[in-house]
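Structural overview
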Amino acid sequence: MTTLAAASSSLGPRFGWGVRLTTQGLRRHRGTLIASAAAFSIATAALAVCVAGARTGASRAVTSGTVQLVALLDDALPEADRNELAATLGRLPGVAGVRVLPSAEALGRMRAELGERAAVLDGVEEGFLPTTLEISLRPGRQGVGRADELAWRLRHTGGISDVDLLRSEADHRLVEEQETSHRLRIAVMILGGTVALVALLLAAGVLRRRRADASVFAGLGFTALAVHGPALVAGALAAFVGAVVAVGAIRLTLRGGPPLPDAPSSRLLTSLVRGLCEGRGQIVAVAALTLLGGALGWWGTRLPGRKGDELAPPP
Amino acid sequence: MLRLVAVSLRSGGELVLDALTVEARAGEILVVEGNRGAGKTMLLEIAAARRLPDAGEVWIADHDVTALQRDSLPFVRRNIGFVEAQPVFLQRATVLENVMLALAARGEPVAWAREAAMRALGKVGIVGLAAADPARLSNGARRLAGIARALAGVPPLVLLDDPSASLSAADSGAVLSALIGAVESGAAVVCASADGAFVSAAAAAGARRLRLDAGRLVAGAGTMVVLPGRRVRETLPERQVDLGKVGS
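Since the structure is predicted, the reported quantities are computational estimates derived from the model, not experimental observations. (Residues numbered from 1 in each chain as written. Chains lettered and ligands numbered in written order. Predicted model: local features only at pLDDT ≥ 70, side-chain atom pairs only at ≥ 80, totals over all residues. Heavy atoms only, no water.)

**Some thoughts on the environment of B:Ala165**
Here B:Ala165 is to be found in the loop between strand S7 (157-161) and helix H6 (169-184). Sequence separation of B:Ala165 and B:Leu144 is 21 residues, and the distance between their C-alpha atoms is 9.9 Å. (Helix = DSSP H or I, 4+ residues; strand = E, 2+ residues; numbered from the N terminus.)

Quick look at the structure:
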């Protein structure tokens, strides 16, 4: 009986062959690479639209309605400082107006609100209530959308003892607008998600064209890594290129255009710009799609099972 | 080198191989004859570790392939030169690159693989087609390219399904000479063929003949014809088979 020798081939030639066969595969399947990169590009853009739809809904929920901040001032704060603080707050973006409400006026307003029960305030001194600043915020992300942040900053500002954040219910028109926005958001998310899914399936289908290669490699005794590795690299490369092209194209298109107004109709575009041009979102998206592309390449070149490919029962 | 023990296989409800026992030793050519549907192709696929039988044992060197895990099968397959009924090649790659693949699977250095691939192409007489695209070749030329790939580097076991199909008499002769060369290097060669002329020529060159009919061995078992002029099994050393990290 023939004896078995230990594996004599070193890792060097195998690595060299791996690189060689992978690059040859990319060259031989240029069309597949381009087609799958285009499919991944479409998938990226569709996913961006889907995410933009979701973000628009979230920002609409935050920025709708009206909000008023009431800052309670320290009694010891000089009048000049009080007026300067009011003027400074009035210049902040998103602030519609600031009104100084003296202690006496605040007490008078409370008496009026109590009506017949105002007698409970009889004997109360004039300085019982602190002087306050009533700050009205504009609708939108810069105004109402930043109410919590502004309240937190005011609480940490010298001369202010406390801050009340008063939100009012949205009026009927605003509610209708929100419902319309909600339906639009759902529609955009469904459309974006569907297009992205179809594009990804298309990319997987294109990558499956490499199954013929995988069949040859498997028949000649290449390991699973060598059989599927070239397709994995091709899938990852196609996804990376496609995602980068999509992100770059959207950035160039939207940044080169006119400034976007903060109107409901343009909020989708605004979210799209913010989603793809700011933060780490784009890096995460490109990285995730690259991994997905590699996985699709591997999965796409899996060969149909045959008896000979089944696991033998353990000895 | 190759030993099939009581191998049975069913396909589509039909019994294709019926408790078949066949052995091919290093340094001999075994020709399996039989009509279409006799089970020759299935026999070769099982011998090539590409298909598992329903019953029986398949021994290659001293490993029972039926007991190996799936991850181990590539280490067996890379030591087998296998020519399918219709050889499959990489698309948009040259004949030379396709032949070199067999040596790439064994991790041979690129320069040596190119040299060995050219030698194999020379043995079957198609050196001139080294730069050709297999997809543009005739059926006969594709078969010769497949045989060259199977013989490249002379693996310890060579299996050929109908090696003379679509070939001229001259090409068949070249193939037979190449197979004899492989045997003289110590390989075991198993051919399945329905071509009477090729079988006769192979027998005249010293091949052992078996006949299959409906998955059963009907003639030739036990006959042993050695290559003319030398007792191959006695004069050739046993080949060192590199099955890598095969584990059962």
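Let's pick the thread back up.
**Quick word on the nonpolar core**
Ranked by size, the top nonpolar core spans 59 residues in total, and within it A:Phe222, B:Leu101, B:Leu121, B:Leu160, B:Leu179 and B:Val189 carry the most contacts. Counting residues per element, this core draws most heavily on helix H3 (residues 95-105) of chain B, at nine residues. Dropping the residues within four chain positions of it, B:Leu179 is found in contact with B:Ile29, B:Leu151, B:Leu160, B:Val189, B:Cys191 and B:Phe198. (Core = buried A, V, L, I, M, F, W, Y, C linked by side-chain atoms within 4.5 Å. Buried < 20%, exposed > 50% of the residue type's maximum accessible area, 1.4 Å probe, protein only. Contact = heavy atoms within 4.5 Å.)

**Some remarks on the packing of H3(B) against helix H5 (residues 139-151) of chain B**
Residue and element names in this part refer to chain B. The geometry of H3 relative to H5 is characterised by a closest axis approach of 7 Å and an angle of 35 degrees between their N-to-C directions. Relative to H5, H3 is oriented so that their crossing is right-handed. Seen from H3, the contacting residues are Val95, Asn98, Val99 and Ala102; seen from H5, they are Ala145, Ala148 and Arg149. For the contact of H3 with H5, a count of residues per class yields five nonpolar, one polar and one charged. (Axes fitted to C-alpha atoms, helices over the stretch in contact; angles between N-to-C directions. Left-handed = near helix turned anticlockwise from the far one by under 90°. Nonpolar A, V, L, I, M, F, W, Y, C, P; charged D, E, K, R; others polar.)

**Some details on the confidence of the model for chain A**
Residues and elements named next belong to chain A. Taken residue by residue, chain A gives an average pLDDT of 75. The fraction at 70 or more is 73%. The secondary structure element of chain A with the lowest average pLDDT is strand S1 (residues 4-5), at 35, and the one with the highest is helix H3 (residues 79-90), at 87. Confidence over residues 260-265 falls short of pLDDT 50; this stretch has nine contacts with residues more than four positions distant or in other chains. (pLDDT = per-residue confidence, 0-100.)

**Some words on the sheet that holds strand S4 (residues 55-60) of chain B**
All names here are of chain B. Strand order across the open sheet formed by four strands is S2-S1-S4-S5, with antiparallel pairing between neighbours. The two strands at the open ends of the sheet, each matched to only one other strand, are strand S2 (14-24) and strand S5 (63-64). Two elements, strand S1 (residues 2-11) and S4, share five bridges in a ladder whose sense is antiparallel. In the sheet register, Leu4 faces S4, and the bridge partner there is Val58. Each of S1, S2 and S4 is contacted by helix H1 (residues 40-47), which is oriented at about 125 degrees to S1, the strand it contacts most. (Pairing = 2+ DSSP bridges.)

**Considering unusual backbone geometry**
Residues and elements named next belong to chain B. Within the chain, Ala61 stands out as a residue other than glycine whose phi angle is a positive 55 degrees. Assignment of secondary structure puts Ala61 in the loop between S4 and S5. One non-glycine residue, Ser166, adopts positive backbone phi at about 65 degrees. Along the chain, Ser166 turns up in the loop between S7 and H6. We classify Ser166 as exposed; its relative accessible area is 52%.

**Some words on the pairing of strand S3 (residues 29-33) of chain B**
All names here are of chain B. A large share of S3 lies buried, amounting to five of its five residues. The side-chain alternation of S3 yields two buried faces, one formed by Ile29, Val31 and Glu33 and the other by Leu30 and Val32. Relative to strand S8 (residues 188-193), S3 is paired through five bridges, and the arrangement is parallel. Residue pairing across strands places Val31 opposite Cys191, the latter belonging to S8.

**A closer look at the side chain of B:Glu33**
Residues and elements named next belong to chain B. Residue position: Glu33 is located in strand S3. A relative accessible area of 12% means that Glu33 is categorised as buried. Those residues within four positions of Glu33 in sequence are excluded, and the remaining contacts are Lys40, Ser193, Val199, Arg209, Leu210, Arg211 and Leu212.

**Observations regarding the pairing of S8(B)**
All names here are of chain B. Across the six residues of S8, six count as buried, placing the element largely inside the fold. Here S8 shows a buried face lined by Ala188, Val190 and Ala192 and a second buried face lined by Val189, Cys191 and Ser193. Judged from the five bridges that link them, S7 and S8 form a sheet pairing that is parallel. Within S8, the position partnered with Leu159 by the bridge is Val190. As a crossover connection, the stretch from S7 through H6 into S8 is right-handed. (Right-handed = clockwise from strand over helix to strand, strands pointing away.)

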